[in-house]
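Coordinates in review
Residues per chain, in single letters:
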Amino acid sequence: MNWDDDTEAAPAEGDRIVAPAADGEDTAVEAALRPKDLGEFVGQEKVRQQLDLVLKAARQRGATADHVLLSGAPGLGKTTLSMIIAAEMGAPIRITSGPAIQHAGDLAAILSSLQEGEVLFLDEIHRMSRPAEEMLYMAMEDFRVDVIVGKGPGATAIPLELPPFTLVGATTRAGLLPPPLRDRFGFTGHMEFYAPEELERVIRRSAGLLDVEIDPAGAAEIAGRSRGTPRIANRLLRRVRDYAQVRADGVITREVAATALQVYEVDGRGLDRLDRAVLEALLKLFGGGPVGLSTLAVAVGEERETVEEVAEPFLVREGLLARTPRGRIATPAAWAHLGLVPPQQGGGGSAGQQGLFGA
């Protein structure tokens, strides 16, 4: 059970139960649910095995671990893994984020206060300012920074030696990182979306920690609606737990989970109200497309950015919607999911004229 937060959340996403970014409640609950070591960490098998080798080798050498870059969508476990790295190395961890470091002096203040072997977790590292980024190059490679004192011709660079440390960078947009920064990481891991079977293990583990009784079918029902993301799985689990406590006997079965998530408007594939509104507009109003993004947003009653950044990524990943040069189009899977029949194609237009004019 692994999570992450995204400080660059898309517009109008914070109130969605299936939003991958963390809200205040998630942050409070996640501290108790996070796995403490790699043995407890569920999923991400390749990254976990590779990282285990990196950390064990560093411990055997008595050295600090290589710098680590973790990339992937929000909610997949980047923050959790950074804490596990610190725990496995027996080192303290310092947590900050790219947007919080807007000047080189901000970074210098953090780096100069690090202890030997400490883990510095830098979330959304691609959003760090360019001057701070250039200072980070030297710090990662030579464990040294040059602090500039004064301005203009009289400015002086004072070298400052740093104790060896491990930088763990996390990003949702690895492509925005400049090559010189990427090259300085000794290990790079890409976090994938979770399979339903892995999410079932996440849910059963979380249910045990939350003292919630859940049967395998109930865990499978929640997992199938969790959009491949552990954070969403845990959020849905808590909402289903509330429903089971108030309107059932406290035990989460498949029927209880399905009914509860129907109340919260999360369907069998994890689509919520906004997702279905986009699909219904595309299918019912525009015959499956192609239709322009702005037109689709007006039909849904949302901002263009909300449709593009909040709803579309999951719909595209699920194979329900496609982006084409002519506009957005619905796939056959979208028609099937909403139980609608695609319009007849071909026929030289005669059928369409009959439908319009009754001829």
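The structure presented is a predicted model; accordingly, all values stated were derived computationally and were not measured.

Attention now moves to the overall build of the chain. Looking only at helices and strands, the chain features 15 helices and eleven strands. Counting all 359 residues of the chain, 46% fall into the buried class. Per element, the accessible surface of the chain, about 16,600 Å² overall, is 52% carbon and sulfur.

Turning to the confidence of the model for the chain, a few remarks are in order. Any region with low pLDDT has predicted coordinates that should not be read closely. With 88% of its residues at a pLDDT of 70 or more, the chain has an overall mean of 86. Within the chain, no element has a lower average pLDDT than helix H15 (residues 350–357), which sits at 35, and none a higher one than helix H8 (residues 216–223), at 95. Counting interchain partners and residues more than four positions distant, the pLDDT-below-50 stretch residues 5–12 has 24 contacts. Counted against residues more than four places away or in other chains, residues 346–359, with its pLDDT under 50, gives two contacts.

Moving on, we come to the pairing of strand E10 (residues 321–324). Pairing geometry for E10 and strand E11 (residues 327–330), over four bridges, is antiparallel. Looking across to E11, one finds that Arg 323 is bridged to Arg 328. Joining the antiparallel neighbours E10 and E11 is a turn of two residues.

With that settled, the discussion passes to the pattern of salt bridges. Oppositely charged side chains can form a pair if their charged atoms are brought close together. Per the counting criterion, the structure on display carries 20 salt bridges. Note that Arg 241 and Asp 242 form a salt bridge whose closest N and O atoms lie 3.5 Å from each other. On the basis of relative accessible area, Arg 241 is assigned to the partly exposed category, the value being 23%. Residues joined in a network through salt bridges with shared partners are Arg 16, Arg 227, Asp 272 and Asp 275.

Counting residues in each nonpolar core, the largest one holds 44 residues, and the members touching the most others are Leu 81, Ile 203, Ile 214, Ile 222 and Ile 252. Element by element, the count of residues in this core is highest for helix H9 (residues 230–247), at seven residues. When near neighbours in sequence (up to four residues on either side) are disregarded, Leu 81 contacts Leu 38, Phe 41, Val 47, Leu 51, Leu 70 and Met 191. Counting residues in hydrophobic clusters, the runner-up holds 24 residues, among them Ala 108, Ile 110, Leu 120 and Leu 167.

Turning to the packing of aromatic side chains, a few remarks are in order. Per the counting criterion, the structure on display carries one aromatic pair. Geometrically, the ring pair formed by Phe 143 and Phe 165 is edge-to-face, given 5.5 Å between the ring centres and 80 degrees between the ring planes. In this pair, Phe 143 sits in the loop between helix H5 (130–142) and strand E4 (144–149) while Phe 165 sits in the loop between strand E5 (156–161) and strand E6 (166–171), placing the two residues 22 residues apart along the sequence. The class of Phe 165 is buried, set by a relative accessible area of 1%. Above the ring of Phe 314, the side-chain terminus of Arg 227 is found at 3.8 Å from the ring centroid.

Turning to the environment of Arg 238, a few remarks are in order. With respect to the helices, strands and loops of the structure, Arg 238 is situated in helix H9. Of the residues examined, Arg 238 reaches a relative accessible area of 3% and is grouped as buried. Separated by 31 residues in sequence, Arg 238 and Ala 207 place their C-alpha atoms 8.7 Å apart.

Turning our attention to the packing of helix H11 (residues 273–285) against helix H13 (residues 304–317). Contact geometry of H11 with H13 gives a least axis separation of 10 Å together with a crossing angle of 90 degrees. On the basis of the axis angle, H11 is roughly perpendicular to H13. From H11, Leu 274, Asp 275, Val 278 and Leu 279 reach across to H13, where they touch Thr 306, Val 307, Val 310, Ala 311, Phe 314 and Leu 315. Here the contact of H11 with H13 is built from residues that sort into eight nonpolar, one polar and one charged.

Looking now at unusual backbone geometry. A cis amide bond links Gly 289 to the next residue, Pro 290, at an omega of 10 degrees. Along the chain, Pro 290 falls in the loop between H11 and helix H12 (293–300). Unusually for a residue other than glycine, Phe 143 sits at a positive phi of about 50 degrees. On the accessibility criterion, Phe 143 (22% relative accessible area) is partly exposed. A positive phi is found at Asp 211, a non-glycine position, where the angle reads about 60 degrees. By relative accessible area, which is 72% here, Asp 211 ends up exposed.

With that out of the way, let us pick up H8. Turning to H8, its buried residues number three or more, namely Gly 218, Ala 219, Glu 221, Ile 222 and Ala 223. On its buried face, H8 sits against helix H7 (196–209), strand E8 (213–214), H9, strand E9 (251–252) and helix H10 (254–263).

Time to look at the pairing of strand E1 (residues 68–71). Alternating residues of E1 divide into Val 68 and Leu 70 and Leu 69 and Ser 71, and every residue in both groups is buried. Pairing geometry for E1 and E6, over four bridges, is parallel. Its bridge partner lying in E6, Leu 70 is registered against Ala 170.

Reading guide: rules and limits
- What you see as residue numbers is a count from 1 along each chain, following the sequence as written.
- Since the coordinates come from a predicted model, pLDDT governs what is reported: local features require at least 70, and pairs of side-chain atoms require 80 or more to be given and counted, while whole-chain, interface and lining totals use all residues.
- Heavy atoms from the whole structure form the basis of all side-chain values; hydrogens and water molecules are not counted.
- Going along the chain from the N terminus, every DSSP run of H or I of four or more residues is numbered as a helix, and every run of E of two or more is numbered as a strand.
- Three exposure classes are used, based on accessible area relative to the maximum for each residue type with a 1.4 Å probe and protein chains only: buried under 20%, partly exposed in between, and exposed over 50%.
- Areas reported here follow the Shrake-Rupley algorithm with a probe of radius 1.4 Å; residue values treat only the protein chains shown as occluding.
- You can read pLDDT as the predictor saying how much it trusts each residue, on a scale of 0 to 100.
- Note on definitions: a residue-residue contact is assigned when non-hydrogen atoms from the two residues lie within 4.5 Å.
- Should DSSP find at least two bridges between two strands, the strands are taken to pair.
- Criterion for a salt bridge: a side-chain nitrogen of Lys or Arg within 4 Å of a carboxyl oxygen of Asp or Glu.
- Residues grouped as a nonpolar core are buried Ala, Val, Leu, Ile, Met, Phe, Trp, Tyr and Cys residues, joined through side-chain atoms within 4.5 Å.
- What counts as a ring pair is set by centres within 6.5 Å for rings of Phe, Tyr and Trp (its six-membered ring), and what kind of pair is set by the plane angle: stacked under 30 degrees, edge-to-face over 60, tilted for all other angles.
- Placement of a positive charge over a ring is assigned whenever Lys NZ or Arg CZ falls within 6 Å of the ring centre and within 35 degrees of the normal to the ring plane.
- Axis lines are fitted to C-alpha atoms, over the contacting stretch for helices. Their N-to-C directions set the angle, which ranges from 0 to 180 degrees.
- Put simply, angles under 35 degrees are roughly parallel, angles over 145 are roughly antiparallel, angles from 65 to 115 are roughly perpendicular, and the rest are oblique.
- Basically, the charged four are Asp, Glu, Lys and Arg, the nonpolar ten are Ala, Val, Leu, Ile, Met, Phe, Trp, Tyr, Cys and Pro, and anything else, Gly included, counts as polar.

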